[in-house]
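Residues per chain, in single letters:
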Amino acid sequence: MSPLPESSVLYRAPWVVPVVKPPIVDGAVLCAGGRIVAVGRASRLQQEFGDVDVQDCDGVLLPGLVNAHCHLELSYLDQVARPLATETMCDWIAALLAERARQHDFGAAPAAARQMLREQHAAGVALLLDIGNDESCLAGFSLPGLERVFLLECLAPTEKAQENVLARVARLPDDLLTTAHALYSTRPEVLQALKERADRLGHCFSLHLAESVDEIMFLGGEKSCFTDFMAERGAGDFPLPVATMRQAGVTAVLAEMGLLAENLLCVHGVHLSEPDLVRLAQVRASICLCPGSNRFLRVGRAPLAQMLGLGLLPALGTDSITSNESLDLWQEMRIVREDHPETDPATVLAMATMAGARAMGRADDYGSLAPGQRAQILQVMSPDLCRATRATELIDILTGTGRPETISWLSGNPQS
Ligand SMILES: [Zn+2]
């Protein structure tokens, strides 16, 4: 019999979903010292570990979800109207900027962001990548049981902005992590400086990429809504990578700038071509899909089947409340199932958990129920889940029907 620390606890449940392995009926998770020690059939673990404190749970145990892309600082804004079929991505960005200017309230933004963080935790999120540029929302956002990684997002569409951003970033303390907004809004020198900083500080380099056709056209020097949008904002001289875009596509531009690497996290990726995906797969870069936001903004559906075929398992993100009906990863899983019905539901669950943890460089702590992972275990229940008799049926319900009726957390401590 294996010796265990006094604080060990064995959670026993009708179903345990490790994500890295098939679901286990009458399963159990053994935790000690804040970490998972073993996962398997309850009878086997009880035999192996003997007189351990046993806690019986209802429903399904699974790892906490990972929201790999959101902007909590925008939570105070009323939903910016969905663009009409005749409107463009730039119309939506202009509406968002106008709404932000109209409603800007330094008191309301942090309070709404904190509330949204609490809601994310209540919805089952254990790890969250928060991208923002509002100084009032930078610090003081911790919540026990939910790790929020904050990246200060920088844009530099003009030469003046470039000067300011480079000077500001040079003064930032190392505990304030940074990233860039997008290829169409941030000049190459700034993109490279931010990428080098991300490499030095060892975190992912998140970049909005290939979200809309207009973005791809603009980068390739074709007239799109971004042409006027940028000119109206004094960025008519933005250096466009026209030749590379026309010859080899958007990931060749990334490669040319030294941005194509394993720590790159491409957010959206709706309009990535097959050669783009091959290049991303070659360097083991990550992708985060935001299917709810893409549907809201009518920008198209990401080529998920091609991504999976190349061994790219995209993470999932909600983006902000200004471009989504709600910030709900259960809903994002459901949209993936609707938009890509050929996708294996188990893959969709892995996208909402393991893929996000990998993309953030945190797969040792989050994303699965496996020995060594943090003992932050999600317990979910609903009448449908209770009726599931087969593993495939269980995963189909978990990923295809939205948020379960009850969600609670097990922290790895006895009686918690
Ligand atoms: Zn975003």
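Thresholds applied
- Residues numbered from 1 in each chain as written.
- Predicted model: local features only at pLDDT ≥ 70, side-chain atom pairs only at ≥ 80, totals over all residues.
- Heavy atoms only, no water.
- Phe/Tyr/Trp six-rings, centres within 6.5 Å; stacked < 30°, edge-to-face > 60°.
- Helix = DSSP H or I, 4+ residues; strand = E, 2+ residues; numbered from the N terminus.
- Donors = N, O, S within 2.8 Å, 3.2 Å for Na, K, Ca; no water.
- Tetrahedral: all angles 85-135°; square planar, octahedral: opposite > 155°, others 65-115°.
- Buried < 20%, exposed > 50% of the residue type's maximum accessible area, 1.4 Å probe, protein only.
- Pairing = 2+ DSSP bridges.
- Axes fitted to C-alpha atoms, helices over the stretch in contact; angles between N-to-C directions.
- Contact = heavy atoms within 4.5 Å.
- Left-handed = near helix turned anticlockwise from the far one by under 90°.
- Nonpolar A, V, L, I, M, F, W, Y, C, P; charged D, E, K, R; others polar.
- Domains from an automatic or database assignment.
- Buried area = accessible area lost by both parts, 1.4 Å probe.
- Salt bridge = Lys/Arg side-chain N within 4 Å of Asp/Glu carboxyl O.
- Polar contact = N/O pair within 3.5 Å; in protein donor to acceptor, adjacent residues only side chain to side chain.

> Let's hear about the packing of aromatic side chains: which residues, and what values?
Taken as a whole and assessed by the stated rule, the structure comprises 4 aromatic pairs. Seen in terms of ring centroids, Phe218 and Phe226 are 6.0 Å apart; in terms of plane orientation they differ by 40 degrees. Their pairing is tilted. Measuring from centroid to centroid gives 6.4 Å for Phe218 and Phe238, while their planes differ by 35 degrees, and the two rings are tilted. Residue Phe218 is found in helix 6 (residues 213-219), and its partner Phe238 is found in the loop between helix 7 (225-232) and helix 8 (242-248); the two are separated by 20 residues along the sequence.

> Tell me what's going on with the coordination of the zinc ion, and back it up with residues and numbers.
Tetrahedral coordination by four donors puts the ideal angle at the metal at 109.5 degrees, and octahedral coordination by six puts it at 90 or 180 degrees. The coordination sphere of the zinc ion, as far as protein atoms go, consists of His69 (NE2), His71 (NE2), His208 (NE2) and Asp319 (OD), spread over 2.1 to 2.5 Å. Seen from the zinc ion, its 4 donor atoms lie at angles of 82 to 168 degrees, and the figure they make is irregular. As a motif over one chain, the donors of the zinc ion read H-x1-H-x136-H-x110-D. Taken as a pair, His69 in strand 6 (residues 65-70) and His208 in strand 10 (residues 205-209) lie far apart in primary sequence, 139 residues in all. Like His69, the residue His208 is buried in the burial classification.

> Before we move on, can you summarise the sheet that holds strand 6 with the specific residues and values?
Taken in spatial order, the 4 strands of this open sheet run 6-7-8-9, and their pairing is parallel. The open sheet terminates on both sides in strands that have one partner only, identified here as strand 6 and strand 9 (177-180). For this sheet, the mean angle separating the axes of adjacent strands, direction not counted, is 25 degrees. Inspection of the sheet shows strand 8 (residues 147-154) paired to strand 9 by 4 bridges, in the parallel sense. By the bridge assignment for strand 9, Glu153 is matched with Thr179. Against the sheet, helix 5 (residues 188-201) engages strand 8 and strand 9, with an angle of about 145 degrees to strand 9.

> Go over the packing of helix 13 (residues 329-339) against helix 14 (residues 345-359), please, and point to the residues and values.
Viewed as axis vectors pointing N to C, helix 13 and helix 14 meet at an angle of 145 degrees, and their least axial separation amounts to 10 Å. Between helix 13 and helix 14 the crossing geometry is right-handed. Contact residues: helix 13 offers Leu329, Met333, Val336 and Arg337, while helix 14 offers Pro345, Val348, Leu349, Met351 and Ala352. Class assignment for the residues of the contact of helix 13 with helix 14 results in 8 nonpolar, no polar and 1 charged.

> Would you mind going over the domain arrangement of the chain in detail, with residue names and values included?
Splitting the chain by domain gives domain 1 (9-64 + 368-410) and domain 2 (65-359). Inter-centroid distance (C-alpha atoms) of domain 1 to domain 2 is 32 Å. At the interface, 21 residues of domain 1 touch 23 residues of domain 2. Counting each side, the surface lost to burial between domain 1 and domain 2 is near 1700 Å², with a carbon and sulfur contribution of 65%. Two residues, Glu147 and Arg374, come together in a salt bridge whose shortest N-O distance is 3.6 Å. Summed over the shared surface of domain 1 and domain 2, the result is 6 residue pairs in polar contact (both at pLDDT 80 or more). For the side of domain 1 that touches domain 2, the elements supplying multiple residues, two or more each, are strand 5 (60-63), strand 14 (377-381), helix 16 (391-400) and strand 15 (406-410). Here the element with the most residues in the side of domain 1 that touches domain 2 is helix 16; it accounts for 5 residues. Residue composition of the side of domain 1 that touches domain 2, grouped by class: 12 nonpolar, 6 polar and 3 charged.

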